[in-house]
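# Tertiary structure, described
Given next are the chains, with one letter for each unit.
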Amino acid sequence: MRSRTLFSLAALCAFAAAPMSFAQRGPTPDFDALGDIGARVERIRQYDDGPEGINAVIAYSHTAGFKARDLVGVGLLKGRSVLVKDNIETEEWPTTAGSLALAENFTRRDAPLIANLRRNGGVVLGKTNLSEWANIRSDFSTSGWSAVGGLTRNPHAIDRNACGSSSGSGAAVAAGMAWGAIGTETNGSITCPASVNGIVGFKPSVGLVSRTHVVPISSTQDTAGPMTRTVHDAALLLSAIAGEDPADPVTLDAVRTYDYTDGLVDHSLESVRIGVMRQQLGSRADVREVFERALADMEAAGAVLVDIEFEPDPQMYRDSFTVLKFELREEMSRYLASIPQFESGRTPRSLADLIAFNRSNAGSEMRWFGQDIFLEAEATTDREAYEKARANALRIAGPETLDKLFAEHDVAVLIAPTRGPAWTSDLVNGDNFGGSIGFGSPAAIAGYPHLTVPMGAVERLPVGISFIGPKWADHEVLKTGAAYERARTAVLPAPTFKRWSAD
């Protein structure tokens, strides 16, 4: 079920489908908001729909060009186009989280992060597809699939997965369909799709960006964040959406920087101590080869690389999952209680209502996978056990893992490959991540910043490198990532919009 609101190009002027640049590394001077948004819409029309389309955008605005014209020179973004993951409320469209249960969820309200975006001169171009319920419904799901949007495809190889849950945001930015996009992450949902789609993704410290009017999983771990072509653009978009929100108390204690682009252009890797997470490189020799080249680039730029051998306590993962299930049940019900009554009168008000809806609509909702995690979450009601699990997970991920590594090795950031290359999408068998690659979970669980930057490709499929920093060190992480981006020697692949082949 795809909703399309077409943009009338002739209402402004005729735009050609301008070629997109896939190697920009810094700020773009004299940004042409009007010309840019016309080209972006043409990219959506050309590459998103049809049997070979990437299926990343589920709705876009027919007035976006007019908005861009009115915002030329305004605020931080000056009319730049931004696509928004469809679990974040915008006043124009329903917010479905990919589920038919929320197809009527027209709240007519902007999430505070979207209000910040507009106030800072951003144009909300449309909504992107996602893994349904941000991949929290079942252990056996296929990333990038939702009942509302279907399956998002990776523009680098359309038979390959775009990862999740911010699959549409990652694929759309890689395809040049917007200047930037907003994703959300609980554990890997910004960084994985950014990595496999060959773009920059930034999961900020939990608390920098409001979560109000965002369909929730976990208040402990949820955050929205930017997905863009360059680190500079990610920093700019973060600056536009970050801010305090009295309805989200964790934002009131955040340590923010007004402009996260400040100092990015001149930041140097000279003498910066960087921790290399050797046990998180995974088992793939091809990914290791790309990563070693990235290390050589950083070392040539003056970085001091410190090898680290460390494996976190697995209790962290078990306790974190308990937290996610308990908070999902409570916070989903709280969110559903806040939405307006549907015109049909069939408004879900609890996780139990969503479970019942899926059972009643199993043909459309549960053909490919079930709702085992929903069922577990509904049964996770022991608050004392939850509070103990939350304290354990936060302690292990923060003080006993990340903080310990930063202090003992005297490093500014920790690095590892983000993920391996995109796997073949398989609705019957579900995801196949493979390779035991990456170190993003401790940052997700502790709420620390995690940046992924493209570092090259395996068989023309993008792979990213992760930069993880201490809590509230978001600006330093972005500066380090931008310095690597300038030092990078690897040639990055451009999307083909074709199926992968060995030739």
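Calculation criteria
Residues numbered from 1 in each chain as written. Predicted model: local features only at pLDDT ≥ 70, side-chain atom pairs only at ≥ 80, totals over all residues. Heavy atoms only, no water. Axes fitted to C-alpha atoms, helices over the stretch in contact; angles between N-to-C directions. Helix = DSSP H or I, 4+ residues; strand = E, 2+ residues; numbered from the N terminus. Parallel < 35°, antiparallel > 145°, perpendicular 65-115°, else oblique. Contact = heavy atoms within 4.5 Å. Nonpolar A, V, L, I, M, F, W, Y, C, P; charged D, E, K, R; others polar. Pairing = 2+ DSSP bridges. Buried < 20%, exposed > 50% of the residue type's maximum accessible area, 1.4 Å probe, protein only. Phe/Tyr/Trp six-rings, centres within 6.5 Å; stacked < 30°, edge-to-face > 60°. Lys NZ or Arg CZ within 6 Å of the ring centre and 35° of its normal. Disulfide = S-S within 2.5 Å.

## Here we look at the packing of helix α3 (residues 112–119) against helix α6 (residues 231–241)
- α6 packs onto α3 with a crossing angle of 110° between their chain directions and a minimal axis gap of 7 Å. By the angle class used here, α3 and α6 are roughly perpendicular. Side by side, α3 and α6 meet where L113, N116 and L117 of the first sit next to L237, A240 and I241 of the second.
- When grouped by side-chain class, the residues that make up the contact of α3 with α6 number 5 nonpolar, 1 polar and no charged.

## Section: the sheet that holds strand β11 (residues 273–277)
- The strand order across the open sheet built from 11 strands is β1-β3-β2-β8-β10-β9-β14-β15-β13-β11-β12, with neighbouring strands paired in mixed fashion. Two strands lie at the open edges of the sheet, namely β1 (57–60) and β12 (304–308), each paired on one side alone. In this sheet, neighbouring strand axes are inclined to one another by 30° on average, regardless of whether the strands run parallel or antiparallel.
- Relative to strand β10 (residues 223–228), strand β8 (residues 180–185) is paired through 6 bridges, and the arrangement is antiparallel. When the bridges of β10 are listed, G180 appears paired with T228.
- Lying over the sheet, helix α1 (residues 33–47) contacts β1, β2 (81–85) and β3 (123–128), oriented at roughly 15° with respect to β3.

## Describing unusual backbone geometry
- Between G164 and the following residue, S165, the backbone shows a cis peptide bond with an omega angle of 10°.
- Within the secondary structure layout, S165 lies in the loop between β7 (157–161) and α4 (167–174).
- Phi at N135 takes a positive value of approximately 70°, unusual for a residue other than glycine.
- Taking the relative accessible area as the measure of exposure, N135 reaches 22% and is therefore partly exposed.

## Section: the packing of aromatic side chains
- Under the criterion given, the structure shown has 6 aromatic pairs.
- Pairing W133 with F374 gives two aromatic rings, centres 5.9 Å apart and planes at 55°, and the pair type is tilted. Here F374 lies in helix α11 (residues 372–378) and W133 lies in the loop between β3 and β4 (145–146), a separation of 241 residues in the sequence.
- Judged by relative accessible area, F374 falls into the buried class, the value being 0%.
- Their ring planes at 45° and their centres at 5.8 Å tell us that F467 and Y484 sit as a pair that is tilted. Here F467 is found in strand β15 (residues 461–468), whereas its partner Y484 is found in helix α14 (residues 474–487), with 17 residues between them in sequence. In this pair, the class of F467 matches that of Y484, namely buried.
- Of note, R160 hangs over the ring of W500, and the distance from its end group to the ring centre comes to 5.2 Å.
- Its end group placed over the ring of W472, K471 keeps NZ or CZ at 4.8 Å from the ring centre.

## Some thoughts on the state of the cysteines
- Applying the stated criterion to the full structure yields 1 disulfide.
- Between the sulfur atoms of C163 and its disulfide partner C192 the distance amounts to 1.9 Å. Residues C163 and C192 are joined through a disulfide that is right-handed, its torsion about the S-S bond being 100°. A residue pair is termed long-range when its members are at least 10 positions apart, and C163 in the loop between β7 and α4 and C192 in helix α5 (residues 191–197) qualify at 29 residues.
- Judged by relative accessible area, C192 falls into the buried class, the value being 1%.

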